[in-house]
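Observations on chain architecture
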Amino acid sequence: MSRARRIEDLKPFLPGLATLLEDPEVSEVMINGPCNVWVEREGRLHAHSAPRLTEQVLDRAATQIARPLELDPRETSIIDARLEDGSRVAISVPPASPKTAITVRRFGNRSFSAQELVRMGSLPAAVLAKARELLRSRRNILVSGGTGSGKTTLLNALIDLLPQDDRIVSIEDTLELKITRLNSLRFEAGQLGAHNGKARLTIRDLVRHALRHRPDHIVVGEVRGGEAADLLQALNTGHGGSLTTIHANNAEAALCRLANCAMQDGGALPWEVTCRNVVDGIAMVIHLTRREGKRFVEEAIEVGGYDSARKRFSFTPVLFR
């Protein structure tokens, strides 16, 4: 993922959407094709009239957005770009999609503390208390949920609970976390240079590299694949108080998915051993959901063990709604 324009620079290429791109309440603008625009505002989707967004206009917009990346939509039919303010633009053109599609995800200028999330009703006080206790004792937390459920927002809040004098090394696919402390190091796995014949850095490459920079805590923006094996090894060898997120439907499923990701490692350990590594590495799972425009913690569990006979993780509920 590579740096492109500012979000303001998209306005001339997307006629009729200027007010949406300026509106801080709009978190996402989704263009599904000519004149077909949807907007997410306060967690709810709304259709938006955009008669000037013809296929020709969208083709030109895709080209202009891709140009700073030294990419051409005619040659690269899927493009993922990060704008200078941290917002993201995803572009898909034929043959990857029937029509040119552009999705703009605004990067919020504000982060919320854990106490603010409690006051907003997003984070139960009991879950915060348990998370604080575990992080202070250098145990690790996995945050799970679907797309747009608030995982990054909660991860930012949990990072603030870590000791201020400790060193944090974070690894993200694209820089979204707001880590302001001086003793921190941030890595971004992007595809800049991939089109020039250079090898693309992966999250897994950066997880391995991060260990050479003396982290007290490791934060991985999202686990998706074989990097889970390296992360679990790090969590189980002296990097307690670390955090990561994963896509899953519920808290227990998040543990299974983490194990499945670790199994994608070329030299994967047996399933039962991998699950026990998950138990050793993850003390708590906090699962978020989005419902009726609201994002909140739906489940939280404290991980107890792995029952090989039942092939299930054992855990103690901290919260079930």
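Residues numbered from 1 in each chain as written. Predicted model: local features only at pLDDT ≥ 70, side-chain atom pairs only at ≥ 80, totals over all residues. Heavy atoms only, no water.

Moving on, we come to the environment of Gly145. Along the chain, Gly145 falls in strand β8 (residues 141-145). Once the C-alpha coordinates of Gly145 and Leu255 are considered, the two residues, 110 residues apart in sequence, prove to be 12 Å apart. In this view, Gly145 contacts Lys151, Ile246, His247, Ala248, His287 and Leu288; residues no more than four positions away in its chain are not counted. (Helix = DSSP H or I, 4+ residues; strand = E, 2+ residues; numbered from the N terminus. Contact = heavy atoms within 4.5 Å.)

Across all of its chains, the model carries 19 salt bridges by this definition. For Arg41, the salt bridge is made with Asp23, and the minimal N-O distance between the two is 3.2 Å. With Arg41 in strand β3 (residues 36-41) and Asp23 in the loop between α1 (18-22) and β2 (26-33), this residue pair connects regions lying 18 residues apart in the sequence. The residue Asp173 makes a salt bridge to Arg224 at a minimum N-O spacing of 4.0 Å. Of this pair, Asp173 sits in the loop between β9 (168-172) and β10 (184-188) while Arg224 sits in the loop between β11 (217-220) and α7 (227-235), and the two are 51 residues apart along the sequence. For Asp173, a relative accessible area of 18% translates into the label buried. When its relative accessible area of 40% is taken as the criterion, Arg224 is described as partly exposed. Through salt bridges with shared partners, a single ionic network connects Glu40, Arg290 and Arg295. (Salt bridge = Lys/Arg side-chain N within 4 Å of Asp/Glu carboxyl O. Buried < 20%, exposed > 50% of the residue type's maximum accessible area, 1.4 Å probe, protein only.)

A few words now on the state of the cysteines. All told, the structure shown has zero disulfides when counted by the stated rule. Free of any disulfide, Cys256 has its nearest cysteine sulfur in Cys275, 6.6 Å distant. When its relative accessible area of 28% is taken as the criterion, Cys256 is described as partly exposed. (Disulfide = S-S within 2.5 Å.)

Glancing now at the packing of helix α6 (residues 203-210) against α7. For the pair α6 and α7, interaxial distance at closest approach is 8 Å and the crossing angle is 20°. Between α6 and α7, the interaxial angle falls into the category roughly parallel. You can see that α6 and α7 cross each other, and the crossing is left-handed. For the pair α6 and α7, the contacting residues are Ile203, Arg204, Val207 and Arg208 in the first and Glu227, Ala229, Asp230 and Leu231 in the second. (Axes fitted to C-alpha atoms, helices over the stretch in contact; angles between N-to-C directions. Parallel < 35°, antiparallel > 145°, perpendicular 65-115°, else oblique. Left-handed = near helix turned anticlockwise from the far one by under 90°.)

We now examine helix α5 (residues 151-159). Within α5, seven of the nine residues are buried, which leaves it mostly tucked inside the rest of the structure. Where α5 is concerned, the buried positions are Lys151, Leu154, Leu155, Asn156, Ala157, Leu158 and Ile159.

So, about the sheet that holds strand β14 (residues 294-307). Strands sit in the order β10-β9-β11-β12-β8-β13-β14-β15 across an open sheet of eight strands; the sheet is mixed. With partners counted over all chains shown, the strands left at the sheet margins are β10 and β15 (312-320), one partner each. Averaged over all pairs of adjacent strands, the angle between their axes in this sheet comes to 25°, without regard to strand direction. Bridge count between β11 and strand β12 (residues 243-247): two bridges; the pairing is parallel. For Val220, the partnering residue across the bridge sits in β12 and is Thr244. Against the sheet, helix α4 (residues 125-136) makes contact with β8, β12, β13 (284-291), β14 and β15, and its axis sits at roughly 145° relative to β13, the strand it touches most. Strand contacts of α5: β8, β9, β11, β12, β13 and β14, with the helix running at about 170° to β12, the strand carrying the most contacts. (Pairing = 2+ DSSP bridges.)

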